[in-house]
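# Understanding the architecture of this molecule
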Amino acid sequence: MTPQDLNGAARNELKTLSKENAEQVARHLAMAARLIDEDPALAHEHALAASRSAGRIAIVRETVAITAYAIGDFALAVRELRTFRRISGRDDQIALLVDSERGVGRPDRALEVGRAVDRSALPVDVRVELAIAMSGARLDLGENERALQELDIPELDPDRAFSWSAGLFAARAAVLEELGRVDEAGEWMRRAQIAQSAIDAVDADREVIVVDEIEELVLDDEPRASAEIDDPQPVDADAEIPAAAEPVVSEPVVSELVVSEPSVQDEVDEILVEAGVDDASDELDR
């Protein structure tokens, strides 16, 4: 591992450290990101090592919190997330804090934490994650109807698949099952599976990697341009098939799903056919 294996935004937070210390901390953070899914315990050890050298850096405390949550140490996750919020002034991990409060058996406190933030100021994906966590806290308290209400947010669109849609649909299915509405629960779970399959197919086919330099080929005296995609886009079954583009190479992103093209009709059609669905919109409307 090298310091460059850590993404640039995270490396910028380490600039207050000495060069040698910053490089060592960057390597630990990069290893934590790489290992978080396959070996969360080892990822947590790397996060703790980074914390011993740079305990006042927000990204370091955030990483300790995430890895602590991953190994089920919810009390440590709560402490580290509070410290992260105090240092950074950000609410990026508010949903994780709510869920960690649930993990230590404090659903009432979890709801207080969630209600204390301005949801309209949160990024969309964070707002969705918070709704799911708040719904879970309601379930913990036996407030099943209110748990369903927590999920009634504008992002609950059954006709389109975003990176957060599968988790939101699945959460709604779980609450409906708790309410005894089994048929509705099954329908929402099916929607969750279709959404996840569509997103996975697009992500696999359109994986984007960013490189510092690209050798350009000149055809008919015109340079070939490579497009750069900044934001996740929804998967829409009715969208036109984009022209095939040559892959551009990038650093892997561990923590989030990025959909690089608005639609890939062929892949989505194939998934829906396998699921016995002729049209995404018709199926989700049923």
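First, a word on what this report is: a plain description of the structure on this page. (Residues numbered from 1 in each chain as written. Predicted model: local features only at pLDDT ≥ 70, side-chain atom pairs only at ≥ 80, totals over all residues. Heavy atoms only, no water.)

## A short note on the nonpolar core
Just so we agree on the cut-off: Residues grouped as a nonpolar core are buried Ala, Val, Leu, Ile, Met, Phe, Trp, Tyr and Cys residues, joined through side-chain atoms within 4.5 Å. Residue burial is assigned from relative accessible area. The probe radius is 1.4 Å, only protein chains are included, and a residue is buried under 20% of its type maximum, exposed over 50%, and partly exposed in between. Secondary structure elements follow DSSP: runs of H or I no shorter than four residues count as helices, runs of E no shorter than two count as strands, and numbering proceeds from the N terminus. Every residue pair with non-hydrogen atoms within 4.5 Å of one another is taken to be in contact.
One finds Leu168, Phe169 and Trp188 to be the most contacted residues of the largest nonpolar core, which totals 21 residues. Put simply, the parts of the chain that give this core at least two residues each are α8 (124-140), α9 (144-150), α10 (165-178) and α11 (182-205). At six residues, the largest contribution of residues to this core is made by α10. When residues no more than four places from it in sequence are discounted, the contact partners of Leu168 are Val128, Ile132, Leu151, Ile153, Glu155 and Leu156.

## A word on helix α4 (residues 58-70)
Our working definition: To estimate how far a helix should reach, multiply one less than its number of residues by 1.5 Å.
In this model, α4 (13 residues) spans 18 Å end to end at C-alpha, consistent with the 18 Å of a helix rising 1.5 Å per residue. Most of α4 sits out of view: 10 of its 13 residues are buried. Those residues of α4 lying buried are Ala58, Ile59, Val60, Arg61, Glu62, Thr63, Val64, Ala65, Thr67 and Ala68. The inward-facing, buried residues of α4 abut α1 (8-12), α2 (19-35), α3 (40-53) and α5 (74-88).

## Some thoughts on the packing of α8 against α10
Note the threshold: Each axis is a line fitted through C-alpha atoms, taken for helices only over the stretch in contact, and angles between the N-to-C directions span 0 to 180 degrees. In these notes the angle categories are as follows: under 35 degrees is roughly parallel, over 145 is roughly antiparallel, 65 to 115 is roughly perpendicular, and the rest is oblique. Working rule for handedness: look at the near helix, and if it is turned counterclockwise from the far one by less than a right angle, call the crossing left-handed; if clockwise, right-handed. For this scheme, ten residues count as nonpolar: Ala, Val, Leu, Ile, Met, Phe, Trp, Tyr, Cys and Pro. Four count as charged, namely Asp, Glu, Lys and Arg, and the remainder, Gly too, count as polar.
Look at α8 against α10: their axes get within 10 Å of each other, and the N-to-C directions meet at 15°. By the angle between their directions, the pair α8 and α10 is classed as roughly parallel. In the crossing of α8 with α10, the sense of the turn from one axis to the other is left-handed. Where α8 abuts α10, its residues Val128, Ile132, Ser135 and Leu139 lie against Gly167, Leu168, Ala171, Val175 and Glu178. Each residue belonging to the contact of α8 with α10 can be placed in one class, and the counts come to six nonpolar, two polar and one charged.

## Some words on the packing of helix α6 (residues 94-103) against helix α7 (residues 107-115)
Put simply, α6 and α7 touch, their axes get as near as 7 Å, and they point 165° apart. Relative to α7, the element α6 is oriented roughly antiparallel. α7 is crossed by α6, and the crossing has right-handed handedness. Residues Ile94, Leu97, Val98, Glu101 and Arg102 of α6 form the contact with α7, whose participating residues are Pro107, Arg109, Ala110, Val113 and Gly114. In terms of residue class, the contact of α6 with α7 is built from six nonpolar, one polar and three charged.

## Considering the pattern of salt bridges
Going by this rule: Any Lys or Arg side-chain nitrogen located within 4 Å of an Asp or Glu carboxyl oxygen qualifies as a salt bridge.
Under the counting rule described, the total for this entry stands at 17 salt bridges. Of the charged contacts in the structure, one is a salt bridge between Arg90 and Asp92, with a shortest N-O distance of 2.9 Å. Using a relative accessible area of 32% as the deciding quantity, one classes Asp92 as partly exposed. Taken together, the shared-partner salt bridges connect Arg82, Glu101, Arg106, Arg109 and Glu112 into one network.

## Focus: α8
The periodicity of an α-helix, 3.6 residues per turn, causes residues three or four places apart in sequence to face the same way. In a regular helix each residue adds 1.5 Å, so 17 residues correspond to 24 Å; α8 covers 25 Å between its end C-alpha atoms and thus fits that length. Along α8, the residues classified as buried are Val126, Arg127, Val128, Leu130, Ala131, Ala133, Met134, Ser135, Gly136, Ala137 and Arg138. Elements that come into contact with the buried residues of α8 comprise α6, α7, α9 and α10. Two residues or fewer past α8, Gly142 is found with a positive phi of approximately 80°.

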